[in-house]
Amino acid sequence: MAATGPSLFVASTLVTSMAGNSGRNRCLSSFRAMAVSADQKSSPATVSTRSTENGRWLEEKNRKGRKEEEELTSNIYSNPQEITDEKGKTLREYFQECKDLMIQSKAGPPRWFTPLECGSHAPDSPLLLFLPGIDGMGLGLFKHHHKLGKIFEIWCLHIPVSDKTSFTDLVKLVERTVRSEYKRSPDRPIYIVGESLGACIALDVAARNPDVDLVLILANPATSFSRSQLQSLIPVLQVMPDQLSLYLPYMLNLVSGDPLRMAFENVAKGLMPHQIVGELTQDLVAMSSYLSVLADMLPRETLLWKLQMLKSASSSANSHLHAVKNQALLLCSGKDQLFPSEEEAQRLYHMLPKCEKRVFEESGHFLFLEDGFDLVTAIKGASFYRHGKYLDYVSDYIPPTPYEFKKIYESNGWVLAVTSPVMLSTLEDGKVVRGLAGIPSEGPVLYVGYHMLLGFELAPLVLQFLMERNILLRGIAHPMMFTRAKEGRMLDLGSFDTYRLMGAVPVSGSNFYKLLSSKSHALLYPGGVREALHRKGEEYKLFWPEQSEFVRMASRFGAKIVPFGVVGEDDVGELVFDYNDQMQIPSLRTFIKELTEEVVHLRIDASGEVSNQDVYLPGVVPKLPGRFYYYFGKPIETKGKKS
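A brief report on the enclosed structure follows. From a predicted model like this one, the values you see are computed outputs, not experimental measurements.

## Side note on the overall build of the protein
Then, number 1: The number of helices and strands found in the protein is 23 helices and 17 strands.
Then, number 2: When contacts within the protein are restricted to residue pairs at least 6 apart in sequence, those whose partners lie at least 24 apart make up 83%.

And the structure:
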């Protein structure tokens, strides 16, 4: 739930309504207590002197203090700046493995192989089949093998360079594998990751096997071959003498990409100029070496064969698109020099009924080989990882890796810099201390709070809990973050990937039940959309339902309830153009109505202002500097209470 980019406005709707009684006076008194205690510096080890005579109390306190120290020591998220970048394999290593594989397997039928670094997955991990592009090597996920191998069983298809298996036969080969694995584990989804040519194979296999639970992840599909630069090579190769290798410089340009962009990326990584020159030189030498071998092993007639197969693959896949009903994730590059991938992704997005797309504006055709792209993060962020027939947002969730957390932290650094958040919590004896020492370590815990304008409080809140206490807050979120109409005015779902990556779940009774039963730390905002998108003069006003909705569920699992509030909204922003202002303008009134009709309606049975779920974008003028203060009340025990 840390907001990034244009998604920040809908952060207001992130964690929505399921909750309790008004409690306005209690909330206001909490704010006053917070203001009084803002400068207290008490440490987590501070104890009240009036309790020193109680030996058992002290022993328990010391035990908890030691446990908290151990948690802090083992907290991998505690210092994002010190988290090292993930060291993936280099292009030189990739090219060397490609050369070795080409030399070792010049002939023979297509075959499956599992990379050695992919053997650490759990027994119930889903199967992932990788279908390569026109090169056929099967090493396209080279940089992702280690991370993918932790959550998938991976098989890669290798097509020897001199093999001339037709596209139809490749489809049948993959289909036989799919049918066999489906028969062996009918309740386990099968993932097919296909790039360019492989994406066409994946689409045909899906169309031919509607009864199999296939999850398609398609990178720059070759379904746009008729509009690509590659098609123009076919007539050239048909008349070109074998002695000429005119296509080699062309391919070198495509593979090497823009040297200036590569240099800039290295500068961004903090490398010195001489290191930049050295790395670029080594990479280009490796590319040239690889392509010279490729030119030797892909003579004119072989390359011509592969391009013609690509043409037939595109035609076949397009003719079967109407039969593909599978869940699909399109990954497209904004700077693809081979195919019009961004335009094609938009076309496929509207043709495939269960399709999502993600655009990588600065990437080229070979998306999987780029340093800035992480396939596992893309799958997790899109909520595409599951073990069974249906996604379980609680049991299928995988927490962010340290490096993923670092990236999220860095993208929200400006929020932390602007708000300078101060966290205040309450110990068991009622003492208010600075920090999160008063937060229970063990779940289930339910945090019930007030939404500031646009949900600005979310990023500092979630990040600080992970850094200070190694606690992941699972937000109960508005359905608009998980579903979207194909045509509409709502933001693309990709805008909310960070929220899902950080554990947000769509609001529902079953998800609330699962979070508490799994002893999670759940985050709930009873005021939901109405509170986050409030009007002028409604700062810090609660919009909570009169009937309690969460206490009974919390008491069923003995969950601790931690009430909290946040102040500081007036310090960092001023609402100047609100809902009432916009409803006076016909065009904006129509826009708000259309936007609201697109999203799932909550609180339809509620009365009062909390039932007003209109979605709009308020106009806010920043006022800097400012500061946020978070106050967490004393945890309320529900264990043993009657539900």
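## Section: the environment of proline 109
Then, number 1: Tracing the backbone through its elements, the reader meets proline 109 in the loop between helix H3 (91-104) and strand S1 (111-113).
Then, number 2: Residue proline 109 is classed as exposed on the basis of its relative accessible area of 57%.
Then, number 3: Along the chain, proline 109 and isoleucine 159 lie 50 residues apart, while their C-alpha atoms are 7.0 Å from each other.
Then, number 4: Every residue in contact with proline 109, bar those within four places of it in the chain, is listed here: Pro160 and Asp163.

## Thoughts on the sheet that holds strand S8 (residues 422-426)
Then, number 1: Here we have 8 strands laid out as an open sheet, ordered S9-S8-S17-S14-S10-S13-S11-S12, and mixed in their pairing. Edge positions in the open sheet fall to strand S9 (432-434) and strand S12 (505-506), since each of these has one partner strand only.
Then, number 2: Summarising the sheet, S8 and strand S17 (residues 629-632) pair through 4 bridges and their orientation is parallel. From the neighbouring strand, serine 425 faces S17, where its bridge partner is phenylalanine 632.
Then, number 3: In the packing of helix H16 (residues 458-469) onto the sheet, contacts are made with S8, strand S10 (445-449), strand S11 (473-477), strand S13 (521-524), strand S14 (560-567) and S17, and the angle to S17 comes to roughly 60°.

## Some details on the pattern of salt bridges
Then, number 1: Enumeration over the complete set of coordinates arrives at 22 salt bridges.
Then, number 2: The residue lysine 143 makes a salt bridge to aspartate 371 at a minimum N-O spacing of 3.0 Å. Of this pair, lysine 143 sits in the loop between strand S2 (127-131) and helix H4 (145-148) while aspartate 371 sits in the loop between strand S7 (355-360) and helix H13 (375-381), and the two are 228 residues apart along the sequence.
Then, number 3: We classify lysine 143 as buried; its relative accessible area is 19%.
Then, number 4: Close ionic contact of glutamate 181 with arginine 184 constitutes a salt bridge, the shortest N to O distance being 2.6 Å. Here the residue glutamate 181 and the residue arginine 184 both occupy positions in helix H5 (residues 167-184), the gap between them amounting to 3 residues, near one helical turn.
Then, number 5: Via salt bridges that share partners, Lys147, Asp374, Lys380 and Glu404 belong to a single interconnected network.

## A word on the packing of aromatic side chains
Then, number 1: On inspection of all chains with the given rule, the structure shows 18 aromatic pairs.
Then, number 2: Between the aromatic rings of phenylalanine 368 and phenylalanine 373, the centroid separation amounts to 5.8 Å while the plane-to-plane angle is 40°, which identifies the pairing as tilted.
Then, number 3: Residue classification places phenylalanine 368 among the buried residues on the basis of a relative accessible area of 1%.
Then, number 4: Look at phenylalanine 373 and you get buried, because its relative accessible area is 6%.
Then, number 5: Among the aromatic residues, those joined into a cluster by ring pairs are Tyr447, Phe465, Tyr525, Phe564 and Phe632.

## Here's the deal with the packing of helix H14 (residues 402-411) against H16
Then, number 1: Two numbers describe how H14 lies on H16: the axes approach to 11 Å, and their chain directions differ by 135°. In terms of axis orientation, H14 runs oblique to H16. The two elements H14 and H16 cross, and the hand of that crossing is left-handed. Residues Phe405, Ile408 and Tyr409 of H14 form the contact with H16, whose own contacting residues are Leu463, Leu466 and Met467.

## Brief notes about unusual backbone geometry
Then, number 1: Across the junction of glycine 443 and proline 444, the peptide omega takes the value 5°, indicating a cis bond.
Then, number 2: Locating proline 444 in the fold gives a position in the loop between S9 and S10.
Then, number 3: A positive phi angle is found at asparagine 220, which is not glycine, with a value near 45°.
Then, number 4: Positionally, asparagine 220 belongs in the loop between strand S5 (214-219) and helix H7 (233-239).
Then, number 5: Of the residues examined, asparagine 220 reaches a relative accessible area of 0% and is grouped as buried.
Then, number 6: The residue lysine 519 is not glycine, and still its phi comes out positive at about 60°.
Then, number 7: One can find lysine 519 in the loop between helix H18 (509-517) and S13.
Then, number 8: Overall, lysine 519 belongs to the exposed group, its relative accessible area being 58%.

## A short note on H16
Then, number 1: Along its 12 residues, H16 runs 16 Å from first to last C-alpha, staying within 8% of the 16 Å computed at 1.5 Å per residue.
Then, number 2: Taken residue by residue, H16 has Leu458, Ala459, Pro460, Leu461, Val462, Leu463, Phe465, Leu466, Met467 and Arg469 as its buried positions.
Then, number 3: Where H16 terminates, the next one or two residues include asparagine 470, which has phi positive at roughly 60°.

## Remarks on the packing of helix H6 (residues 197-208) against helix H11 (residues 300-319)
Then, number 1: Contact geometry for H6 and H11: axes closest at 9 Å, N-to-C directions at 35°. The crossing of H6 and H11 is left-handed. Contacts between H6 and H11 involve Leu197, Cys200, Leu203 and Asp204 from the first element and Met309, Leu310, Ala313, Ser314, Ser316 and Ala317 from the second.

## Describing the pairing of S13
Then, number 1: Here S13 shows no split at all, with His521 and Leu523 on one side and Ala522 and Leu524 on the other all buried.
Then, number 2: In this structure, S10 lies alongside S13, joined through 4 bridges in parallel fashion. Its bridge partner being in S13, tyrosine 447 is matched across the sheet by leucine 523.
Then, number 3: Pairing geometry for S11 and S13, over 3 bridges, is parallel.

Rules used throughout
Residues numbered from 1 in each chain as written. Predicted model: local features only at pLDDT ≥ 70, side-chain atom pairs only at ≥ 80, totals over all residues. Heavy atoms only, no water. Helix = DSSP H or I, 4+ residues; strand = E, 2+ residues; numbered from the N terminus. Contact = heavy atoms within 4.5 Å. Buried < 20%, exposed > 50% of the residue type's maximum accessible area, 1.4 Å probe, protein only. Pairing = 2+ DSSP bridges. Axes fitted to C-alpha atoms, helices over the stretch in contact; angles between N-to-C directions. Salt bridge = Lys/Arg side-chain N within 4 Å of Asp/Glu carboxyl O. Phe/Tyr/Trp six-rings, centres within 6.5 Å; stacked < 30°, edge-to-face > 60°. Parallel < 35°, antiparallel > 145°, perpendicular 65-115°, else oblique. Left-handed = near helix turned anticlockwise from the far one by under 90°. Expected span 1.5 Å × (residues − 1).

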